[in-house]
Amino acid sequence: MNIAIIPARGGSKRIPRKNIKEFCGKPMIAWSIEAALESGCFSRVLVSTDDAEIAEVAKKFGAEVPFLRPAELSDDHTGTIPVIRHAVEWVANEGERPEYACCIYATAPFVTSADLKRGLDLITNAGCSYAFSVTSYPFPIQRAIRIDGNGRVGMFDPAQFGTRSQDLEEAFHDAGQFYWGSAEAWIAEEKIFSEKAVPVLLPRHQVQDIDTLEDWHRAELMFRAWREEKK
């Protein structure tokens, strides 16, 4: 069996109640739940939360909330891996043995059932610990600049000043949507970014981090355009 786990803590600071704030007509978390259910990849779609209101919204859109996450896994400093480990172990303690668990972020409205399926295919065929969503940087990271305390500019790697953009190696970053992992990898808390992981490549227009209200506004504009294009 495979399970989806959607972490959704109640204490968002920068965007209050972010996980259930309305995004393009639905609570934000609903988009992740619906993609997971539509994919057909999962025997169970669980939401791990410490918040009763989030739990009710999640259940309304078809997810299970069979436990409330303990307080020690719900503060500002708790990472994703311990939260997923807790959920995988909870399921195992109930007598079920998931082979793979997919962490899907609650604030990932661009996640699609098709990409979740691709991730499952990749992790099973590659025989690795993880498969997760990535996208490319829009500009060569080798030519990044910094601004110092005096307001002056310097390059992180001055040796690349004269190198043509097309001659520089393409770089990628975590798209922040989903992370397929074997149950064993989650329980062992293996690192995700390693040679034991394979990428699920996404186009840049399908990726937007949402940490500020400006991010939120941009994401809604991108989302509406993307959904219109898919019609």
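These numbers come from a predicted model, not from an experiment.

Even after reading the chapter, I still don't get the pattern of salt bridges, so can you show me in this structure?
Proximity of charged atoms lets side chains of opposite charge pair with each other. Under the defined criterion, the tally for this structure stands at 14 salt bridges. A salt bridge links arginine 14 to aspartate 211; the nearest nitrogen and oxygen atoms lie 3.5 Å apart. Placement of the pair is arginine 14 in the loop between strand S1 (2–7) and strand S2 (22–23) and aspartate 211 in the loop between strand S10 (197–201) and helix H6 (213–230), with a sequence separation of 197 residues. Judged by relative accessible area, arginine 14 falls into the exposed class, the value being 60%. Residue classification places aspartate 211 among the partly exposed residues on the basis of a relative accessible area of 22%. Note that lysine 59 is salt-bridged to glutamate 56, the shortest N-O span being 3.1 Å.

Help me understand a nonpolar patch on the surface in this model?
A cluster of nonpolar residues, Ile145, Ile147 and Val153, forms a patch on the protein surface that exposes about 330 Å² of accessible area. Examined against the element boundaries, valine 153 turns out to sit in strand S8 (residues 153–155). The class for valine 153 is exposed, based on a relative accessible area of 59%.

Got a minute to help me understand the sheet that holds strand S5 (residues 100–104) in this structure?
Each strand in a sheet pairs with another by means of backbone hydrogen bonds, the pair being arranged parallel or else antiparallel. Pairing within the open sheet is mixed, and its six strands lie in the order S4-S1-S5-S9-S6-S10. Strand pairing shows two members of the sheet lacking a second neighbour, strand S4 (44–48) and S10, which therefore form its edges. Across the sheet, the mean angle from the axis of one strand to that of its neighbour is 30°, orientation sign disregarded. Pairing of strand S6 (residues 130–136) with strand S9 (residues 172–182) involves six bridges; the strand directions are antiparallel. Paired with tyrosine 130 across the bridge in S9 is glycine 181. Each of S1, S5, S6, S9 and S10 touches helix H4 (residues 113–126); the most contacted strand, S9, lies at about 65° to it.

What am I meant to see in the layout of surface pockets here?
Left-over empty space is what a probe sized like a water molecule reveals as it rolls over the atoms. The computed volume of the largest pocket comes to approximately 1,000 Å³. What lines the largest pocket is a set of 37 residues, and nearest its centre among them are Lys18, Tyr105, Thr107, Asp209 and Asp211. Of all the secondary-structure elements, those providing two or more residues to the lining of the largest pocket are helix H3 (80–93), S6 and S9. Top element by residues in the lining of the largest pocket is S9. It accounts for six residues. Its residues assigned to classes, the lining of the largest pocket comprises 14 nonpolar, 12 polar and 11 charged. Lining the second largest pocket we find Trp31, Glu34, Ala35, Glu38, Pro109, Val111, Thr112, Ser113, Phe223, Trp226, Arg227 and Lys230. Those elements giving two or more residues to the lining of the second largest pocket turn out to be helix H1 (28–39) and H6. Per-class residue counts for the lining of the second largest pocket are six nonpolar, two polar and four charged.

What counts as what
Residues numbered from 1 in each chain as written. Predicted model: local features only at pLDDT ≥ 70, side-chain atom pairs only at ≥ 80, totals over all residues. Heavy atoms only, no water. Salt bridge = Lys/Arg side-chain N within 4 Å of Asp/Glu carboxyl O. Helix = DSSP H or I, 4+ residues; strand = E, 2+ residues; numbered from the N terminus. Buried < 20%, exposed > 50% of the residue type's maximum accessible area, 1.4 Å probe, protein only. Patch = residues over 30% accessible without salt bridge, like charges linked within 9 Å, V, L, I, M, F, W, Y side chains within 5 Å. Areas by Shrake-Rupley, 256 points an atom, 1.4 Å probe, with all protein chains shown as cover. Pairing = 2+ DSSP bridges. Axes fitted to C-alpha atoms, helices over the stretch in contact; angles between N-to-C directions. Contact = heavy atoms within 4.5 Å. 1 Å grid on protein atoms, 1.4 Å probe; cavity = no way out; pocket = protein on both sides within 12 Å on 5 of 7 lines; lining within 4 Å. Points joined across faces, edges and corners; volume = space filled by probe spheres on them. Nonpolar A, V, L, I, M, F, W, Y, C, P; charged D, E, K, R; others polar.

These figures come from the coordinates and say nothing about function on their own.
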